[in-house]
Amino acid sequence: MSMDEQGAAAETAATELGAEATGPVPGWGWTETALSLMVFVWGVNFAVVKHALDSIQPLAFNALRFVIASVLVWAVLRARGEVSLPERRDIPRVVALGLLGNVLYQMCFILGLDRTAAGHASLILALTPVMTAFLSMLTGHERPGPRTWGGASLSILGIALVSGASIRVEGASALVGDAILVTACVAWSVYTVGARPIVRRYGSVRTTAWTLWCGAVGLVALGTPALLRQDWQAVSAEAWAALVFSATFAIGLAYLIWYRGVERIGNTRTAIFSNLTPVVALFAGVVLLHEKPSALALVGAALTLGGVMVVRTDPGSVG
């Protein structure tokens, strides 16, 4: 089968699957189960990465875990017999998505997390579903209703309280970390919505692989000085285990699940699942890092989660 024929077949299949994203919310299935697993992995990953950054420089950590994840996704493509390249017309978009969703997002994620508590970071990233809904509206994919606007307001207020708690406990540097993580939210939302045409044309696995590989090249280039400066003998066994966990599950597996969700149930419905990530992350931060969230942070958490759950109940409409 030629590349054009493969692309046409993938586009037809993805279009049929994508129809589920514009219909009534389906019953619980394998897609929802996989997304729940992804949420658990991402929630635990905050604490895992935070621990690893005690002995591995952030940029070196990012570079290594994306190399590992890229090899994993390549193996998945090889096993499926789908190792190929996008059509020439789509290459600029794929490269841009790879740089946005992997280089910019991951740089903001790792540098922001390095400057604030794991629990606070997860709450800030809970804004991602709201931003994704807004971008889907702007691009004509969906038209959120009044509940989305109300939920967005609650979430923004919650983030303000979480940031205020960070300043009290950790100083002004935590506010810098919070601001960096808000940028990460924007980058991931644009990445999710912007990739929809590519996912529909080629399918979720190839889209994940191409954007991941583009991102890995950028992250290795940016991380090379840190890789050379890193004292590898000082890296603990736990930090190496954290690196492998984050690369294999939080990047490789989770990215495949995320784009599969976009393909099957759409942008906003997939993003909604990340609402549960802060709950897992707060629990993991308490258990693994012995973090103690303040009362102000807990109020902010309630408002943030309440806001995104209000967004979830908005039936909206599809453009």
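The rules behind the values
- Residues numbered from 1 in each chain as written.
- Predicted model: local features only at pLDDT ≥ 70, side-chain atom pairs only at ≥ 80, totals over all residues.
- Heavy atoms only, no water.
- pLDDT = per-residue confidence, 0-100.
- Helix = DSSP H or I, 4+ residues; strand = E, 2+ residues; numbered from the N terminus.
- Core = buried A, V, L, I, M, F, W, Y, C linked by side-chain atoms within 4.5 Å.
- Buried < 20%, exposed > 50% of the residue type's maximum accessible area, 1.4 Å probe, protein only.
- Contact = heavy atoms within 4.5 Å.
- Expected span 1.5 Å × (residues − 1).
- Bend = angle between axes of the 7 residues up to and from the residue.
- Polar contact = N/O pair within 3.5 Å; in protein donor to acceptor, adjacent residues only side chain to side chain.

Asks: What should I look at first to understand the confidence of the model for the protein in this one?
Replies: Atomic detail in the predicted coordinates should be set aside for any region of low pLDDT. A residue-level look at the protein finds 77% of positions with pLDDT of 70 or above and a mean pLDDT of 78. Within the protein, no element has a lower average pLDDT than helix H1 (residues 3-18), which sits at 42, and none a higher one than helix H10 (residues 204-229), at 93.

Asks: Looking at this model, I keep getting lost on the nonpolar core. Mind explaining?
Replies: Soluble, globular proteins show a tendency: their nonpolar side chains are buried together. Among the nonpolar cores identified, the biggest contains 67 residues, and Met38, Phe61, Tyr105, Leu125, Tyr255 and Trp258 are the most heavily contacted of them. Per element, the largest residue contribution to this core is 13 residues, and it comes from helix H11 (residues 237-265). Apart from the residues lying within four places of it in its own chain, the contact partners of Tyr255 are Phe66, Gly101, Asn102, Tyr105, Gln106, Trp188, Tyr191, Thr208, Leu212 and Ala250.

Asks: Help me understand helix H3 (residues 58-80) in this model?
Replies: Residues spaced three or four apart along an α-helix face the same direction, because each turn holds 3.6 residues. Taking 1.5 Å of rise per residue, 23 residues should cover 33 Å, and H3 covers 33 Å from first to last C-alpha, within 8% of that figure. Within the span of H3, buried status applies to Pro58, Ala60, Phe61, Asn62, Ala63, Arg65, Phe66, Ala69, Ser70, Val73 and Leu77. In this fold, the buried residues of H3 make contact with helix H2 (30-52), helix H4 (91-113), H10 and H11. Two residues or fewer after H3 comes Gly81, characterised by a positive phi angle close to 70°.

Asks: I keep staring at H4 and nothing clicks. Help me out?
Replies: The end-to-end C-alpha distance of H4 is 31 Å, a good match for the 33 Å that 23 residues give at a rise of 1.5 Å each. Largest kink in H4: about 25°, centred on Tyr105.

Asks: I tried to follow the environment of Tyr255 on my own but got confused; where do I start?
Replies: Considering the arrangement of structural elements, one finds Tyr255 in helix H11. Given the relative accessible area of 2%, Tyr255 is considered buried. Sequence spacing of Tyr255 and Leu212 is 43 residues, and the spatial spacing of their C-alpha atoms is 8.6 Å. Here the side chain of Tyr255 touches Gln106 through a polar contact of 2.7 Å, side chain to side chain.

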